Amino acid sequence: MGRGPWRNHVKWICLLIISLQASYHWVQAQHCVWYGECQTVPNTEEKKFNCNYTGPPQPLVQEGYELVQELCPDFLNGTGNVSLCCDVQQLKTLKGNLQLPLQFLSRCPSCFYNLMNLFCELTCSPRQSDFVNATDFEPYVDPVTKENKTSVTAVQYYIGSTFTNAMYNACKDVEAPSSNDKALGLLCGKDAKDCNATNWIQYLFSVTNSQTPFPINPIFSDLPVEGMSPMNDATKGCNESADGSSGPCSCQDCSLVCGPKPQPPPPPTPWTIFGLDAMVVIMWISYMVFLLIFIGAVLGAWCYRKRLIMSEYGPILDNNSLNSVNRDSEHQGQTSCCETIGERFENFLRLIFTNWGSFCVRHPLPVVLCTLIFIAICSSGLVYMKITTNPVDIWSSPNSQARKEKDYFDSHFGPFFRTEQLIITAPQSKVTIYSPYFGGSDVPFGPPLDISILHQVLDLQNDIEKIEATYENETVMLSDICLAPLAPYNNNCTIMSVLNYFQNSHSVLDHSVGDGFWVFADYHTHFLYCVKAPASLNDTSMLHDPCLGTYGGPIFPWVVLGGYDSDNYNNATALVITFPVNNYHNNTEKLNKALAWEKEFVKFVKNYSNPNLTISFNSERSIEDEINRESSSDISTIVISYAIMFAYISIALGHIKSCRRLLVDSKISLGIAGILIVLSSVACSLGIFSYVGIPLTLIVIEVIPFLVLAVGVDNIFIIVQTYQRDERLSQEELHQQIGRILGDVAPSMLLSSFSETVAFFLGALSTMPAVRTFSLFAGLAVFIDFLLQITCFVSLLGLDIKRQESNRLDILCCLKQKEGTEEKSDGFLFWFFKTLYAPFILKEWVRPIVVALFVGILSFSIAVVNKVEIGLDQKLSMPDDSYVLDYFESLSTYLHSGPPVYFVVEEGHNYTSLEGQNMVCGGVGCNNNSLVQQVFTAAEIDNYTRIGFSPSSWIDDYFDWVKPQSTCCRYYNTTVQFCNASVVNSSCVRCRPLTDEGKKRPQGEDFMEFLPMFLSDNPNPKCGKGGHAAYSSAIDLINNKTDVGASYFMTYHTVLKTSPDFIDAMKKARSLADNITESMGLAGKDYRVFPYSVFYVFYEQYLTIVNDTVFNLCVSLAAIFIVTAVLLGFEVWSAVMVTLTIAMIIVNMFGVMWLWSISLNAISLVNLVMSCGISVEFCSHIVRAFSVSTKKTRVERAEEALAYMGSSVFSGITLTKFGGIIILALSKSQIFQIFYFRMYLAIVLLGATHGLIFLPVLLSYIGPPVNKAKFLAANNHYRGTERERLLNF
């Protein structure tokens, strides 16, 4: 009890001491370190030291309240009496110094709020002496008042670690939309990824940044240090509102808002069975099952025959035997209705062609004259011939999505510029090491970044700018055609080059600052800053040189440097210089000027020599020039190829029986006439479509003669060789014999030609221009060729036979040989097929091997058909010796960014409403699924999306530009005209008031009032957000600039090297755009968002190439089936045999394409469609010969068909083409080597093997039965005549 009062006294004493200490510290804290500005900092014009002052805070004058409200609103206590450690002039200086951070960080208000607190507490805090310690002073005499003062020349700033980390975390994700980079990369003195909480603040307070007037040494601690209490004000997280009225930072600027980094979906699981490719396993099992069934059936039949002691040619195959597997009991039955109709149709065709053939032989001159007139009329259309060389017109349909999007982009923003590009390496130079003066680790610089190399490259660049070309007596220079976005205010050409960091100037490149002993800053310093802040107008080092290119826009390091690792641009091993040139699609004169200059550019760089530089280059016209050169160089190869085929045809048509009759029996003149007929049919086709106005393509010119030659020559051989094997009947004249022969073979010719014609014409339904054009020209050429062969050629054949029978010499028909007897004999090839080949192929033990082998090849081809690569490597389009190949190789090796991609918002979007703005922007208050945010998110997983960088967003930069806190948006209050931030004039006032309402985004009329000013503002040191250079072409202003039409948001694809890369990039970009359209709620509206890149129009075909291929080939096969069924007299099973064999050839072509690395594209698709047509020639004649044969068994019928038609098909197509194809292998063109030599060779070999090996065997097993009506009609027609013996050869 006695101790209670004493204890109370002790408590009161302790409380008194604590309160006195607190009061003492509070009073002690209420004094300043400085107040007002003193002398100017040496070597500067505007920067000043602050005056030393240790008194209490001074009351704020009325003029300063607005500035405090703008900069440091937390100092206002609501009473109207505010005392601070700064005067109005210091507040103005603070405002000026914060303009650069304001432009880049204010898009995240919480970040900028914390940064403002950092500087406000340092500059003006009434508790300044609590955490600021002045360490260096300098006496100063005021020149006006003559008062002695002291300048503070260095201070220590104690900052809480908690505050430091919180401020950094709030700012680290903030984007700089115009430079596609983090804003800290512009404000930290190093790359954003190397920036942290402490080195950022250290850089902000370092005199090396050119903004800080005197050394400010930050000391970081949460605990008192040396009697100082660190500044540890409350901070705002980026996911918090800065002032209660604005929202948190956007997802793009604050990862806390959008959560964890998105993860790409897992790659699709490959389809496997037992760990092996599923298609391979399925086809292997299927093949094994087929072999077991087939071999079992064959062995069963063999054992059954063995038991009955029967051979293949014994009773088992005797049609009259009940045990025959080939028994055609239909011979004895009644004919069906279809058989009767088929026989009558066959007889109808025979009679028509017989009479027609007889007429042509009897009246050769009128027929030949009429055909010549027809050819002349049709070929005259070649006068109107137009050849399309524009790749866009060849590969892209006018109605395709990519073509429409390209046209939309070109019409609203102008066509994509032409590109002239150099990739330069310095093989003789080595890596150099740069040691920064102000400390830090050594920095390696790649070989081409050596200053001597840079000077040489700059000389080259300047020489290119001086290149002069002549067009119609007018001099054309780069400045006349280049892209100059700021013209006429700034006529400098856009040159994307690392030298533009140095203003394309030797003197700026050599600019350095030092004291005679040390170099404080030089080109190394400037380079390291500019690659982090390409849009900067002041490198903040002692150099103070701008980074912005002379054309007024940024130079992105990933565009002008190559061969570096990660983001270490200093390790670059290649320099990339790009000269964008204006494109003029609708102005021929200006386009021709650009083409003339490009021609001189190519010539100059080709002849340029510097042992220290290795240069690979490309011009916009280079690829087309090289393709044209390639076509010219391959003319000789094509001519030799056709010459060999012509020579073979001319010689092989003759049936030479003795040396004495060599010049009589040869048919060189007839062969030449046949070739001329084939070429005339091609000319007629080209002429007719030229009349209509359909342009040709190089594919048509290169492929169609080959196709028509294959089809036409085959028919020529069939007609001539059938005559040579035929014997004239008694009482039969020549015209009757040729008419009879034409009646026999013309239906077969009609079958093949008409089915090919229909197949090709249906192929014209394709949406791919190259395929559609080829199909039209090919279909008409094949049909005209058939017409000319059954008219003109038949007449010429009659004349030639008359010449031969009168013993007149070939070619020299005026000369006559002595009379000699002409003996009919079979040619060697016919004898070989009839006596050796056909019997061998159809032997009992050979046929199963043939079926097993061909089904095995088919199974393999089906297994790999889905593995054929899609696309066309652009390297293949170049000659082997082309300089463009070196450029493609360098492109693949060095470049780190892909083509630009534009996300276009079509006209119709409302940018003036808050809702409309939130749908597209990426700043505060914008939707988390806005356009900019979704593209930004896609760039986070660039390996999957192939979107390489965040988008440049005109609307976000516009919002930063128009903020009242910024000095960017001002106008003359007298004229209401725009006032640039660099102008010092008291009549220039803010565009928007410095109120809560004014700080909000402009909407409605306000939005459109200042947007044209933004788009006309050139960047300057006072305002780096001017949108003239960066965005003047990104927005289509409509309705007299009172509304926004279409606009785009640009970014870049990642590096794309192969066709699958380009295809995948386009698919991913379209998928992203579709998702943006959906999330913006544009479904059902008349506008959308779509991506556009210059390569989309070429690669879109590959998105549908598989469907196009399936469609074209299925349509062709269906046409062949229908026409074959009809022209064979409604024999459906025969049509099935033809179609099945052709389908096997097509599938096997895919197997060859996989084995021989031939990709699927428009060229190979044309060849596949053509292979359908040529395959008809290999198959239809054999099947028709089989169907009209009156032999008793399938084996005999197949043998007869193979003997008679096989030799003509082999000599007419296989041997004709083989010699010509081999020559194509010598071509310099890789396209010719791969898509013509390899594919043509495969077409001929597969067609020959299937038509002459597999098809006869297949017919011997499951061929259609004899048409009883045809059998009876043939027997009745030839009974009792010599022809009856010939039918049974």
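Residues numbered from 1 in each chain as written. Predicted model: local features only at pLDDT ≥ 70, side-chain atom pairs only at ≥ 80, totals over all residues. Heavy atoms only, no water.

1. Side note on the overall build of the protein
What counts here: Counting from the N terminus, the helices are the DSSP runs of H or I reaching at least four residues and the strands are the DSSP runs of E reaching at least two. Buried residues are those whose accessible area, probed at 1.4 Å on protein chains only, stays under 20% of the maximum for their type, while exposed residues exceed 50% and partly exposed ones sit between those limits. Contacts are residue-level and defined by heavy atoms, with any inter-residue pair within 4.5 Å sufficient. Using a 1.4 Å probe, accessible areas were evaluated by the Shrake-Rupley method; residue-level cover was limited to the displayed protein chains.
If you tally the helices and strands in the protein, you get 46 helices and 29 strands. Split into buried and exposed, the 1289 residues of the protein put 56% on the buried side. In the protein, the share of contacts with a sequence separation of at least 24, taken over all contacts with a separation of at least 6, comes to 74%. Looking at the protein as shown, the accessible area adds up to about 54,000 Å², and 59% of this sits on carbon and sulfur atoms.

2. Points about the state of the cysteines
Rules: Pairs of cysteine sulfur atoms within 2.5 Å are what we label disulfides.
The final tally for this structure, using the stated rule, is 13 disulfides. In this model, Cys38 is linked to Cys51 through a disulfide, with the two sulfur atoms separated by 1.8 Å. When the S-S torsion is 130 degrees, as for the bridge of Cys38 with Cys51, the disulfide is right-handed. Highlighted residues: Cys38 in strand E1 (residues 34-40) and Cys51 in strand E2 (residues 48-52), separated in sequence by 13 residues. With a sulfur-sulfur separation of 2.0 Å, Cys238 is cross-linked through a disulfide to Cys254. The sign of the 55 degrees torsion about the S-S bond sets the Cys238-Cys254 disulfide as right-handed. Pair noted here: Cys238 is in the loop between strand E9 (216-220) and helix H10 (255-258) and Cys254 is in the loop between E9 and H10, with a separation of 16 residues, a long-range link. Left without a disulfide partner, Cys792 is nearest to the cysteine sulfur of Cys360, which lies 9.2 Å away.

3. What about a nonpolar patch on the surface?
Rule in force here: Patch rule: a residue counts if its relative accessible area is over 30% and it has no salt bridge; like charges are joined within 9 Å, and nonpolar side chains (Val, Leu, Ile, Met, Phe, Trp, Tyr) within 5 Å. The salt bridge criterion pairs a side-chain nitrogen of Lys or Arg with a carboxyl oxygen of Asp or Glu, the two atoms within 4 Å.
A grouping of Leu369, Ile373, Ile377, Val383, Tyr384, Tyr691 and Val692 is seen on the molecular surface, where their side chains present a nonpolar patch of about 770 Å² in accessible area. Elements with a minimum of two residues in the nonpolar patch: helix H13 (364-379) and helix H25 (668-692). With three residues, the top contributor of residues to the nonpolar patch is H13. Within the secondary structure layout, Val383 lies in the loop between H13 and strand E12 (387-388). What makes Val383 exposed here is its relative accessible area of 69%.

4. Some details on the sheet that holds strand E22 (residues 614-618)
Applicable threshold: Pairing between two strands requires that DSSP report at least two bridges joining them.
Here four strands make up an open sheet; going across it, the order is E20-E21-E13-E22 and the pairing antiparallel. Lying at the two open borders of the sheet, with one neighbouring strand each, are strand E20 (561-562) and E22. In this sheet, strand E21 (residues 574-581) lies alongside strand E13 (residues 418-425) in antiparallel orientation, the contact comprising seven bridges. Bridging from a neighbouring strand, Glu420 pairs with Phe579 of E21.

5. Considerations on the sheet that holds strand E28 (residues 1043-1052)
Basically, it comes down to this: Convention adopted: a line fitted to C-alpha atoms gives each axis, helices being fitted over their contacting stretch, and angles between N-to-C directions are expressed from 0 to 180 degrees.
Ordered in space as E27-E28-E24-E29, the four strands form an open sheet in which the pairing is antiparallel. Lying at the two open borders of the sheet, with one neighbouring strand each, are strand E27 (1035-1038) and strand E29 (1089-1092). On average, each strand axis in the sheet is inclined to that of its neighbour by 15 degrees, with strand direction left out of account. In this sheet, E29 lies alongside strand E24 (residues 900-905) in antiparallel orientation, the contact comprising four bridges. When the sheet's bridge partners are listed, Tyr902 is paired in E29 with Tyr1092.

6. Here we look at the confidence of the model for the protein
Definition in use: Every residue carries a pLDDT, the predictor's confidence in it, which falls somewhere between 0 and 100.
Averaged over every residue, the pLDDT of the protein is 83; the share at 70 or more is 88%. Across residues 1-28, confidence stays below pLDDT 50; counting only partners more than four residues off in sequence or on other chains, it has one contact.

7. Concerning helix H28 (residues 769-805)
This is how the line gets drawn: What a helix should span is 1.5 Å times the count of its residues minus one. Bend, in this description, refers to the angle at a residue between axes fitted to the seven residues ending there and the seven starting there.
Between its terminal C-alpha atoms H28 stretches 51 Å, which fits the 54 Å expected from 37 residues at 1.5 Å a residue. The principal kink in H28, of about 40 degrees, is found at Gln789. Across the 37 residues of H28, 29 count as buried, placing the element largely inside the fold. The positive-phi residue at the C-terminal boundary of H28 is Asn807, with phi of around 60 degrees.

8. With respect to the pattern of salt bridges
Taken as a whole and judged by the stated rule, the model has 29 salt bridges. As a salt-bridge pair, Lys92 and Glu63 come within 3.5 Å of each other at their nearest N and O atoms. Taken together, the residues Lys92 in helix H3 (residues 88-97) and Glu63 in helix H2 (residues 62-71) connect sequence positions 29 residues apart. With relative accessibility at 52%, the residue Glu63 sits in the exposed group. With a shortest N-O distance of 3.8 Å, Lys1000 and Glu997 are connected by a salt bridge.

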